[in-house]
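A structural walkthrough
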Protein chains: 2
Amino acid sequence: MDLWEAISGRRSVRDFLPDPVSEDELRHLLEALAWAPSPLNQQPWSVVAITDPAQKKAIRQVAEEARALVLSLGGPSWVGKYSPAFLEQAPLLLAVIYDPAKGGLGINFNQPHGALAATAAGVQNLLLAAHALGLGGVWFTFFDPARMRPVLGVPEWLELAGIVCLGRPAKPSPVLPRKPVTVHRQRMA
Amino acid sequence: MDLWEAISGRRSVRDFLPDPVSEDELRHLLEALAWAPSPLNQQPWSVVAITDPAQKKAIRQVAEEARALVLSLGGPSWVGKYSPAFLEQAPLLLAVIYDPAKGGLGINFNQPHGALAATAAGVQNLLLAAHALGLGGVWFTFFDPARMRPVLGVPEWLELAGIVCLGRPAKPSPVLPRKPVTVHRQRMA
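The following refers to the structure shown. (Residues numbered from 1 in each chain as written. Chains lettered and ligands numbered in written order. Predicted model: local features only at pLDDT ≥ 70, side-chain atom pairs only at ≥ 80, totals over all residues.)

As a further point, take the overall build of chain A. Along its length, chain A carries seven helices and five strands. Start at the N end of chain A and walk to the C end: the helices and strands fall as α-α-β-α-α-α-β-α-β-α-β-β. Against the globule reference of 16 Å for 189 residues, chain A gives a C-alpha radius of gyration of 17 Å, in line with a compact fold. Out of the 189 residues in chain A, the part that is buried amounts to 49%. Restricting the contact set of chain A to residue pairs at least 6 apart, pairs at least 24 apart contribute 79%. (Helix = DSSP H or I, 4+ residues; strand = E, 2+ residues; numbered from the N terminus. Rg over C-alpha atoms; globule rule 2.2 N^0.38 Å. Buried ≥ 20, exposed ≤ 12 C-beta atoms within 10 Å, placed from the backbone. Contact = placed C-beta atoms within 7 Å.)

Okay, here's the thing in structure tokens:
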């Protein structure tokens, strides 16, 4: 697939067919992730691949808790109708983990940010590669990482960049409009 | 350019020809950035485009300070030889800014992370699009954001995801080897 077609044609997909993601597809997606740049080439990422229905259900439960918390705090009303059912429906969930210590030399300033940024660049590579394979995905982050951590068995020294839900799209996803990027010249103010 | 060629062929470029990046190229790069997914489609990013030599010099000065600090704290010896001269040599620097409040609904947990992750996904789109245009770039983060902030005029409620140095590569860049991504099944432990 052409790069521009992938960049501009990728959508966030939340409705999936039951067809599994193959091991070959998974390998390809992870190779795409690994081509991302990272500070000092430290490659701070790893993944948890989840296909077990009971495990997906436990993950969804943590997402439902976050939704209930935001509603109880007066969050927007659409949150009441929003359903993270795709966490159980997607044939494959990839929890993307990073090591905040592998973010370059800026130990006194932005090292954890460097590790998250590199991992996020890798997730974008993965989502583009998924689109080119005819797969779709959504990068899900609407949960409390402290609550998700025990479900995924993530040790305290690692962090969670999100859960990527993957599978074949059941229907076309809407195009969300983009604003032109604001450009300041030389400096912001 | 083919997506896979872009993903696997992109390199971090630190040696640039003096040819400027055109306004058309800049528009295309920012459109690529804007196609990244973001929580609630909040598009938390903006950029500062820097071509002024005096401004580049001030940016390099902040990078040199970070280098000196890491050396004084006993950082690795190669840091002493490392030169961020590309901050002055690159025809275009794009300081990528994000609004940490535009990271979705997870206000009690990972909202700032959501905004950085989305912006980092956008930077990866931009780097892939640059490669397809025959440009090269490096995503530079080895500086103290608190020191860079006044140089760029970034207000206190916004954050800096890095400075992307862009231009036409002066020579081929080395391929940094990648490790296979570690995959845990169902959970980490």
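Back to the text.
What follows is about the relation of the copies chain A and chain B. For the pair chain A and chain B, the relating rotation is 180°, the translation along its axis is 0.0 Å, and the fit reaches an RMSD of 0.0 Å. Look at the turn and shift together and you get a two-fold axis relating the two. Looking at chain A, 100% of its interface residues are interface residues in chain B too, so the copies touch through the same face. (Least-squares fit on C-alpha atoms with pLDDT ≥ 70 in both.)

This paragraph deals with the sheet that holds strand E2 (residues 92–98) of chain A. Ordered in space as E3(A)-E4(A)-E2(A)-E1(A)-E5(B), the five strands form an open sheet in which the pairing is mixed. Edge positions in the open sheet fall to strand E3 (136–140) of chain A together with strand E5 (183–185) of chain B, since each of these has one partner strand only. Geometrically, the sheet is characterised by an average inter-axis angle of 25° between neighbouring strands, direction not taken into account. Pairing of strand E1 (residues 45–50) of chain A with E5(B), which is carried by three bridges, proceeds in the parallel orientation. Considered in E5(B), the bridge of A:Val48 is made with B:His184. Against the sheet, helix H6 (residues 111–132) of chain A touches E1, E2, E3 and strand E4 (159–167) of chain A, its axis set at about 5° to E4(A). (Pairing = 2+ DSSP bridges. Axes fitted to C-alpha atoms, helices over the stretch in contact; angles between N-to-C directions.)

Attention now goes to the nonpolar core. Counting 124 residues, the largest nonpolar core has A:Ala95 and B:Ala95 as its most contacted members. In contact with B:Ala95, not counting residues within four places along its chain, are B:Val47, B:Val48, B:Ile50, B:Leu152, B:Leu160 and B:Ile163. (Core = buried A, V, L, I, M, F, W, Y, C linked by C-beta atoms within 7 Å.)

All names here are of chain A. Burial analysis of E3 places five of its five residues in the buried class, which makes it a mostly covered element. Here E3 shows two buried faces, one formed by Gly136, Val138 and Phe140 and the other by Gly137 and Trp139. Sheet analysis places E3 next to E4, joined by five bridges and oriented antiparallel. Note that in E4 the partner of Gly136 across the bridge is Gly167.

Next up on the list: the pairing of E4(A). All names here are of chain A. With nine of nine residues buried, E4 is to be regarded as a mostly interior element. Two strands pair when backbone bridges link them, and E2 and E4 are joined in this way by seven bridges, in the antiparallel orientation. Within E4, the position partnered with Ile97 by the bridge is Leu160.

Accessible area lost on assembly of the parts is the figure often given for the size of an interface. Taken residue by residue, the interface counts 71 residues in chain A and 71 residues in chain B. Those elements that provide at least two residues to the side of chain A that touches chain B are helix H1 (3–9), helix H2 (23–34), E1, helix H3 (53–72), H6, helix H7 (145–152), E4 and strand E5 (183–185) of chain A. No other element matches the 12 residues that H6(A) contributes to the side of chain A that touches chain B. For the side of chain A that touches chain B, the class distribution of residues is 43 nonpolar, 21 polar and seven charged. (Nonpolar A, V, L, I, M, F, W, Y, C, P; charged D, E, K, R; others polar.)

Strand order in this open sheet of five strands is E5(A)-E1(B)-E2(B)-E4(B)-E3(B), and the pairing throughout is mixed. The open sheet is flanked by E5 of chain A together with strand E3 (136–140) of chain B, the only strands paired with a single partner. Across the sheet, the axes of successive neighbouring strands diverge by a mean angle of 25°, strand direction being ignored. The sheet contact formed by strand E1 (residues 45–50) of chain B and strand E2 (residues 92–98) of chain B spans six bridges and is antiparallel.

Side chains that are three or four residues apart share a direction in an α-helix, a result of its 3.6 residues per turn. Residues and elements named next belong to chain A. If you check H3, its first and last C-alpha atoms are 28 Å apart, about what 20 residues at 1.5 Å a residue would give, namely 28 Å. Residues Lys56, Ile59, Val62, Ala63, Ala66 and Val70 constitute the buried set of H3. Buried residues along H3 cover an arc of 120° about the axis, so they all sit on one side. In H3, the exposed residues that point more than 90 degrees away from the buried face are Pro53, Ala54, Lys57 and Ser72. Its buried side turned inward, H3 meets E1, helix H4 (78–81), helix H5 (86–89), E2, H7 and E4. Taken from the residues just after H3, Gly74 is the one with a positive phi, measuring 90°. (Expected span 1.5 Å × (residues − 1). Arc of directions from axis to C-beta.)

Quick look at the environment of B:Pro37 now. Inspection of the secondary structure assignment puts B:Pro37 in the loop between helix H2 (23–34) and E1. Since 21 C-beta atoms lie within 10 Å of it, B:Pro37 is described here as buried. Along the chain, B:Pro37 and B:Ile97 lie 60 residues apart, while their C-alpha atoms are 16 Å from each other. Contact partners of B:Pro37, with chain neighbours within four places excluded, come to A:Ser12, A:Trp139, B:Ala118 and B:Ala121.

Attention now goes to the environment of A:Glu23. Residues and elements named next belong to chain A. Structurally, Glu23 can be placed in helix H2. For Glu23, a count of 10 C-beta atoms within 10 Å corresponds to the exposed category. C-alpha of Glu23 to C-alpha of Trp157: the two residues are 134 residues apart in sequence and 29 Å apart in space.

Moving on, we come to the environment of B:Trp157. All names here are of chain B. With respect to the secondary-structure elements, Trp157 resides in the loop between helix H7 (145–152) and strand E4 (159–167). Residue Trp157 is classed as exposed on the basis of its C-beta count, with 8 C-beta atoms lying within 10 Å. Distance from Trp157 to Ala101, taken between C-alpha atoms, is 8.5 Å for residues 56 residues apart in sequence.

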